[in-house]
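Residues per chain are reported as follows:
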Amino acid sequence: MERTSLSRREMTMPRMVIIVCIAMLGVACSQQQPAETPAAEKSTAADSLFVPPDTSTIPKNATGDLIRYGRELLVNFPYYLGPKGKIGQFGGNGLGCQNCHLEAGTRPYGLNYFSAHARYPQYRAREGKVLTLADRVNNCVERPLNGKPLPLDSKEMVAMVTYMQWLGKGVPVGGNVPGDKLKEIALLDRPADPKKGRAVYEQHCVRCHGDDGQGVLKEDGIAYVYPPLWGKLSYQPGSSMHRVIKAAQFIKYNMPQDLARWDKPVLTDEEAIDVAAYVNDDHLHERPQPDLTSEYPKLKEKPVDYYFPPFADVFPQEQHKYGPFKPIMEWRKKNGHPTGY
Ligand code: HEC
Ligand code: HEC
């Protein structure tokens, strides 16, 4: 289990040790002394990563049952709530949360849920209002999953949010912990190039996601072995994964899935950006076409790599899609606009 290799890092972070010890509910921390792993020794960046509690520490009571159910939904969403779900049909395609929020949302720099509960409710620029964590979950059900929102008070919604809360126990309210965001990459001084990205795709991605980007469905026809990266069954434009910088950050430190990790990426920043542009190229690949006109009611707040007009800055649509992004950020900074992506 992951724990043993992570324990050494805990020893270097007293606060984490305390959190983990509490989470371990009586399991003596000294017993968590790890077998030495040279890789962990060398990796200073990994030393301070947040360590989520182990599933064996989920309490054996009604709350624990809810946490376990929430985790199960987040791992196997399509079986419960997808188009063929046994509890209800909310997801509009076969994608599940874990196709992006890797390892039940516990992977550092892999779209984890470490600080999700601690940072909501929060103001969201896309809606121009404050959302709760449950609202934010529904965002992902509606966009990447192309579906319809779950009732906020449903057992399933409460279970997912309760799992996220348990996972982030000890994260300061409103705060971040190391490893919770996507990892930064260096932006390019040229536009991302889908043609170069195609070559990267052929070399590193085709073997799982397929030449046609449609992935591989499991034999049961309900969930994916390898999820699709474009097409009508993939995530909508308007999903964060459709934005070149976000997608590149995810891809660089998590894909190819069997080889890459935050501390041993396979692609260079340049390759990650180009392949993200190829995957997300709307000229080459179709996707569902939602109405995005009410997104970002305050134009200034559009992320630099969100490319549906109108824009509050002076840059053309193509540049918001492919970059270069630095000039946009510099212009925005000078003019007092948000510079985020
Ligand atoms: C196609 C990929 C994809 C799928 C599938 C997906 N998400 Fe997301 N989700 C994202 C991205 C990208 C973000 C934005 C992360 C960021 O802004 O850095 C996000 C953000 C979130 C957040 C906010 C996290 C935070 O810390 O702010 C939550 C909660 C969330 N997703 C839940 C879910 C749930 C639950 C499902 C399944 C019903 C799901 N997502 C499916 C890609 C996906
Ligand atoms: C060894 C197989 C494999 C390879 C190679 C691979 N992936 Fe993936 N990819 C996966 C799996 C499996 C998932 C779903 C996450 C999971 O289940 O762990 C995924 C998820 C994704 C996602 C998020 C889910 C979605 O539907 O959008 C993106 C984006 C992605 N991969 C892009 C890439 C890119 C780009 C490459 C090449 C650089 C690549 N992958 C190479 C197996 C692979």
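This structure is a prediction, so every number in the text was calculated from the model and none was measured.

Details of the pattern of salt bridges
In this structure the tally under the stated criterion is 15 salt bridges. Of the charged contacts in the structure, one is a salt bridge between Asp 263 and Arg 261, with a shortest N-O distance of 2.5 Å. Classification of Asp 263 as partly exposed rests on a relative accessible area of 33%. Through salt bridges that share partners, Arg 126, Glu 127, Arg 143 and Glu 295 make up one connected network.

Observations concerning the coordination of the iron atom of ligand 2
Protein ligation of the iron atom of ligand 2 involves His 209 (NE2) and Met 255 (SD), the donor distances falling in the range 2.0 to 2.3 Å. For the iron atom of ligand 2, the six donor atoms in the first shell make angles of 87 to 179 degrees at the metal, so the coordination geometry reads as octahedral. With His 209 in helix H12 (residues 206-209) and Met 255 in the loop between helix H13 (244-254) and helix H14 (269-279), this residue pair connects regions lying 46 residues apart in the sequence. Look at Met 255 and you get buried, because its relative accessible area is 16%.

Considering the packing of aromatic side chains
For the structure shown, the criterion picks out ten aromatic pairs. Arranged with centres 5.4 Å apart and planes meeting at 50 degrees, the rings of Tyr 201 and Trp 230 form a pair that is tilted. Here the residue Tyr 201 occupies a position in helix H11 (residues 194-204), and Trp 230 occupies one in the loop between strand E4 (224-226) and H13, the gap between them amounting to 29 residues. Judged by its relative accessible area of 6%, Trp 230 falls in the buried class. Consider the rings of Trp 230 and Tyr 278, whose centres lie 5.6 Å apart with planes at 80 degrees: the pair is edge-to-face. With Trp 230 in the loop between E4 and H13 and Tyr 278 in helix H14, this pair connects stretches of sequence that are 48 residues apart. Using a relative accessible area of 5% as the deciding quantity, one classes Tyr 278 as buried. Site record: aromatic cluster; members linked through ring pairs are Tyr 296, Tyr 306, Tyr 307 and Phe 308. Directly above the aromatic system of Phe 311 lies the positively charged group of Lys 302, at a separation of 5.5 Å from the ring centroid.

Analysis parameters
- Residues numbered from 1 in each chain as written.
- Chains lettered and ligands numbered in written order.
- Predicted model: local features only at pLDDT ≥ 70, side-chain atom pairs only at ≥ 80, totals over all residues.
- Heavy atoms only, no water.
- Salt bridge = Lys/Arg side-chain N within 4 Å of Asp/Glu carboxyl O.
- Buried < 20%, exposed > 50% of the residue type's maximum accessible area, 1.4 Å probe, protein only.
- Donors = N, O, S within 2.8 Å, 3.2 Å for Na, K, Ca; no water.
- Tetrahedral: all angles 85-135°; square planar, octahedral: opposite > 155°, others 65-115°.
- Helix = DSSP H or I, 4+ residues; strand = E, 2+ residues; numbered from the N terminus.
- Phe/Tyr/Trp six-rings, centres within 6.5 Å; stacked < 30°, edge-to-face > 60°.
- Lys NZ or Arg CZ within 6 Å of the ring centre and 35° of its normal.

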